[in-house]
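Structural overview
The primary structure of each chain is shown beneath.
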Amino acid sequence: MEPVNAIELKGVTKRFGEVTANDNVNLTVRKGEILSILGENGSGKTTLMNMLSGIYFPDEGEIRVNGETVTIRSPKDSFALGIGMIHQHFKLIQILTAAENIILGLPGSGRLNMKQVEREIAELTARYGFDLNPAQKIYDMSVSQKQTVEIVKVLYRGADILILDEPTAVLTPQETEKLFAVLRNMREAGKSIIIITHKLNEVLELSDRVAVLRKGKYIDTVPTKEATVESLTEMMVGEKVTLDIHRTKPEGVKKRIEMRGITCRNKEGLKVLKEASFDAYSGEILGVAGISGSGQKELLESVAGLQPIESGEILYYPPEGATEKISGMKAEDIKKLGITLSFVPEDRLGMGLVGSMDLTDNMMIRSYKEGGKFFADRKKPKKLAEEIVSQLEVVTPGVDTPVSRLSGGNVQKILVGREIAGNPTVLMVAYPVRGLDINSSYTIYNLLNEQKKKGVAVICVGEDLDVLLALCDKILVLNSGRVAGIVDARSTTKEELGLMMTGDGEEKKADE
Amino acid sequence: MSREVTVAKREPVVRMAKRDTISRGKAWGIRLIAVLLSLVTAAVVIVAITKQNPVEVYLGIVDGAVGTNRRAWVTIRETVVLLCIAIGLTPAFKMKFWNIGAEGQILMGGAATAALMIYAGDALPNWLLLIVIFIASAAAGMVWGLIPAIFKAKYNTNETLFTLMLNYVAMQVVTFCIVFWENPAGSNTVGIIGAAGQKGWFPPVLGITYGLNVILVAVLTVGIYIYMKYSKHGYEISVVGESQNTARYAGINVKRVIIRTMMLSGAICGFAGCLIVSGASHTISTSTAGGRGFTAIIVAWMSKFNPFAMILVSAFLVFMQQGSIQIASQFGLNENASDIITGILLFFLIGCEFFINYRLEFRKNRNA
């Protein structure tokens, strides 16, 4: 008799109206293995996992868990079957401790024995090599620690099958290594792990087998040993693609933006940027690296005139004419000076675009003030929307579709396309490829490189250090609101950047 | 850490699936079925409670609303007032500024109108008086909309509470004015203003008593439709309503948009006060607004802020209201009987939106 599989999907199909998100998918997850699921945006990875975790219900097909056919109607059913999902966005209560979050919602006797709970958690963490203090409050934790809490939470509930949705997207290289070590320990203990990721080198490093989806269809599952970056990409995209970022030497370099000693506070009054200084030059890509929440957002927003500044100044050096001080100005004032700063914010649908509006109206966000006095011009924005759709191969039913209906990658293409169309002198992008598949990512990298060649000063906040190293000319590293250093991207290493991102410099003592 | 496996092995009997698109014909078909079902349900309720023939009750409602020429015109007059208020609320609601202060804005507009009719009635020719009344009533409503807007823009106060409380302030202002305008003395009411010369009354247009009311509101309706859909201001309002962050990013002055839009919203609601006082009742009391500031919220939401759909919705609500007066006297029923019928109709109409957005799927194989 062959061994029983942890999960077997047979002919699973899920449709949303006209769109078939999963088409006749067959997939097996063995006991005690790490399976990666690869696929481009909109290939149906998340839909598939959501059916396992009880969020969606399949239209056709059957799901077997440990050899038995099951019906998963709600997340509760999924839990009862021992399936635990760790989502990209953590669902934790900030003011409770790790242990309190872990037992939240579990049935138990009337009296709560916190000591015993903590002992049980300590047992779990010791077994798999987690680094976790059960009594620590969530708001005191780093992103990686919060993720640990989420994983321990599902283990504590007795999950044997763990699904992780892009777990490394927010981690530093060092934290990623730690996570992988823990996942390997869990595999040794016989747990099955499904990991959704876009990073091919992680797939190759960690998993036993790789399953590939393409446009909702299941392509194949291959043992990782037999796979290479090239072969996997080909399976995902359906054709051979070249994965080179063509970095050219900067030409005609001139200073465009000068930031001097900028300090600013967030809404809670905490200092999020501490005396940050840097220069950005035309014809260069300046990368910004750092653990998420180290001040990247504020760095870009203070240049864009969206962040109140406590002290310091920002100067703009135009190609011709006099230097302008743009700190203390609002976005509209900067625009009135005729300075075209393009900005692709991190929060695409919360800042860069309006989800409920169609493509045309979203193009107008930058240009609606042009033209006549009373009526808004929709002809030019419509033409621009059509151009972007055809040039960047945006998948959309038409330019009248609300942006929120499009997949993440297409939303990003529209935002980047609009910002580049403004012919900027400075282009700031925050996490331009977050959640994007390989093909779209390289489209965006090429667009950034084209802008650089045109003499635009590009500032790019990124999370994938490999990409920053290959794309940028210089890399600025942020460490809890301070500029830890600006290094040459051609000569530095991932490890050096990782250390700068997390290192406890002596200056840290002087905080607050 | 133990767990029980209590998972059912069967597919759920019914489940919902979101529809991507639905043809227009199918959507209207669903709505038609909803109306028919609601009439049947209401008939059952009528028979059960009143033992009356439901068909006769329905006919009574129709008779009450449009049975005679005069009744039909009253229905139209009340419809355009409700429509005007809903139109006024639209820009504010589109901006997600929850203006529930239309009552107060109407009262202030009505008070300004009454004041001009009383004090300037003899001083100005009627056409000039009416123009001054239009401007003054809109200005009074505008001030009542401006106050909460300034506080919202400057200090981010809660506009819902603020506009609600201003309703009571407006009521007190009217009560105070009645002290001076009492006629006859001691009645504590204002009575018909300018009954002798009809000074400040809307004149008949093309021989129709309420012609001017209809024309003015029609112009406003088309105007707001164009303003919201095609103008730069309308675009700014939508962006601010969806996300203030995006608005700032787009270089929109959020504070200015909030203040400007609430001035417009208040002005139109104030003008509705003039429609009521100058164009219909020719008197003023604390119940001049009569809850219409709140009913208009239902109109605006049910129409999904489409000014043309508002015509239908406000006509429907007023139709039922006018019909209820008739059946109350004809069958000796309480006026609330019509509210029950309206409630049943609304329940089905709003409920059917679920079937327009979702589709039910039934278990295919029973033995799975």
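Bear in mind that the values here come from a model prediction, so they are computed numbers and not experimental data.

Helix and strand counts for chain A come out as 17 helices and 20 strands. Dimensions along the principal axes, computed over C-alpha positions, put chain A at roughly 80 × 55 × 45 Å. A burial count over chain A gives 54% of its 512 residues as buried. Across chain A, contacts joining residues at least 24 apart in sequence account for 66% of those joining residues at least 6 apart. Surface accessibility of chain A: about 22800 Å² in total, with carbon and sulfur atoms responsible for 49%. For chain A, the centre of its 66 positive side-chain charges and the centre of its 72 negative side-chain charges are spaced 3 Å apart.

We now examine the nonpolar core. The nonpolar side chains of soluble globular proteins are, as a tendency, buried together. In this structure, L232(A), I257(A) and I475(A) are the most contacted members of the largest nonpolar core, which totals 174 residues. Looking at this core element by element, the count peaks at 12 residues for helix 10 (residues 254–281) of chain B. Counting residues in each nonpolar core, the second largest holds 33 residues, with Y128(A), I138(A), L155(A) and I193(A) among its members.

Glancing now at the environment of E324(A). All names here are of chain A. Along the chain, E324 turns up in strand 15 (residues 324–325). Distance from E324 to I334, taken between C-alpha atoms, is 9.5 Å for residues 10 residues apart in sequence. Not counting the four nearest positions on each side in its chain, E324 is found in contact with I314, L315, Y316, L337 and I339.

To continue, consider the interface of chain A and chain B. By a widespread convention, an interface's size corresponds to the accessible area lost as its parts come together. Across the boundary between the two partners, chain A contributes 50 residues, which contact 35 residues of chain B. Summed over both sides, the interface of chain A with chain B buries roughly 3600 Å², with 55% coming from carbon and sulfur. Here chain A and chain B share zero salt bridges between them. Summed over the shared surface of chain A and chain B, the number is 17 residue pairs in polar contact (both at pLDDT 80 or more). For the side of chain A that touches chain B, the secondary structure elements donating two or more residues are strand 5 (68–70), helix 2 (75–80), helix 10 (331–336), helix 11 (348–352), helix 12 (359–367) and helix 14 (408–421) of chain A. Among the residues forming the side of chain A that touches chain B, the class breakdown is 23 nonpolar, 10 polar and 17 charged.

Moving on, we get to the packing of aromatic side chains. By the definition in use, this model includes 20 aromatic pairs over all chains. Ring centres of F374(A) and F375(A) lie 4.9 Å apart, and the angle between their planes is 85 degrees; this geometry places the pair in the edge-to-face category. Among the aromatic residues, ring-to-ring pairing joins F93(B), W98(B), W301(B) and F305(B) into one connected group. Directly above the ring of Y249(B) sits R366(A), whose terminal nitrogen or CZ lies 4.4 Å from the centroid.

Across all of its chains, the model carries 30 salt bridges over all chains by this definition. In this structure, E242(B) and K96(B) form a salt bridge, with 3.9 Å as the shortest nitrogen-oxygen distance. With E242(B) in helix 8 (residues 232–242) and K96(B) in the loop between helix 3 (69–94) and helix 4 (102–119), this residue pair connects regions lying 146 residues apart in the sequence. For K96(B), a relative accessible area of 40% corresponds to the partly exposed category. Each of K255(A), E258(A), R260(A) and D279(A) takes part in salt bridges that share partners, so that together they form one network.

Turning to its location among the elements, T288(B) is positioned in the loop between helix 10 and helix 11 (292–302). Discounting chain neighbours no more than four positions away, the residues touching T288(B) are L107(B), I276(B), V277(B) and T283(B).

Further remarks concern the domain arrangement of chain B. Residues and elements named next belong to chain B. Domain assignment breaks chain B into domain 1 (16–52 + 336–368) and domain 2 (75–332). Here domain 1 and domain 2 have C-alpha centroids that lie 33 Å from each other. With nine residues of domain 1 at the interface, the matching set in domain 2 holds eight residues. The contact between domain 1 and domain 2 buries some 750 Å² in all, and 79% of this surface belongs to carbon and sulfur atoms. Its largest share of buried area at the contact with domain 2, domain 1 owes to Q52, S338 and L346, together 47% of the area lost on that side. Joining domain 1 to domain 2, the criterion identifies one salt bridge. For the salt bridge of E353 with K304, the shortest nitrogen-to-oxygen distance reads 3.3 Å.

The next point concerns the side chain of D59(A). All names here are of chain A. Mapping D59 onto the fold places it in the loop between helix 1 (45–52) and strand 4 (60–65). Judged by its relative accessible area of 12%, D59 is buried. Within the structure, the side chain of D59 is placed 2.7 Å from the backbone nitrogen of R15, a separation counted as a polar contact.

All names here are of chain A. Judged by how many residues are buried, strand 8 (residues 192–196) sits mostly within the fold: five of five residues are covered. Of the two faces of strand 8, the one carrying S192, I194 and I196 and the one carrying I193 and I195 are both buried. Pairing of strand 3 (residues 34–38) with strand 8, which is carried by four bridges, proceeds in the parallel orientation. What sits directly across from I34, in strand 8, is I193. Looking at chain direction, strand 7 (residues 161–165) and strand 8 are connected through five bridges and run parallel. Note on strand 8: the bridge partner recorded for I161 is S192. Handedness of the crossover joining strand 7 and strand 8 through helix 6 (residues 173–188): right-handed.

Another point: the sheet that holds strand 19 (residues 474–479) of chain A. All names here are of chain A. Ordered by their spatial adjacency, six strands build an open sheet running 16-17-18-13-19-20, and the pairing between neighbours is mixed. Of all the strands in the sheet, just strand 16 (341–344) and strand 20 (482–488) have a single pairing partner and so form its edges. Across this sheet, the average inter-strand angle for adjacent strands is 15 degrees, counted without regard to direction. Sheet analysis places strand 17 (residues 426–430) next to strand 18 (residues 457–461), joined by five bridges and oriented parallel.

Here is what the cut-offs are and how they apply
Residues numbered from 1 in each chain as written. Chains lettered and ligands numbered in written order. Predicted model: local features only at pLDDT ≥ 70, side-chain atom pairs only at ≥ 80, totals over all residues. Heavy atoms only, no water. Helix = DSSP H or I, 4+ residues; strand = E, 2+ residues; numbered from the N terminus. Buried < 20%, exposed > 50% of the residue type's maximum accessible area, 1.4 Å probe, protein only. Contact = heavy atoms within 4.5 Å. Areas by Shrake-Rupley, 256 points an atom, 1.4 Å probe, with all protein chains shown as cover. Lys, Arg positive; Asp, Glu negative; His and termini not counted. Charge placed at Lys NZ, Arg CZ, Asp CG, Glu CD. Core = buried A, V, L, I, M, F, W, Y, C linked by side-chain atoms within 4.5 Å. Buried area = accessible area lost by both parts, 1.4 Å probe. Salt bridge = Lys/Arg side-chain N within 4 Å of Asp/Glu carboxyl O. Polar contact = N/O pair within 3.5 Å; in protein donor to acceptor, adjacent residues only side chain to side chain. Nonpolar A, V, L, I, M, F, W, Y, C, P; charged D, E, K, R; others polar. Phe/Tyr/Trp six-rings, centres within 6.5 Å; stacked < 30°, edge-to-face > 60°. Lys NZ or Arg CZ within 6 Å of the ring centre and 35° of its normal. Domains from an automatic or database assignment. Pairing = 2+ DSSP bridges. Right-handed = clockwise from strand over helix to strand, strands pointing away. Axes fitted to C-alpha atoms, helices over the stretch in contact; angles between N-to-C directions.

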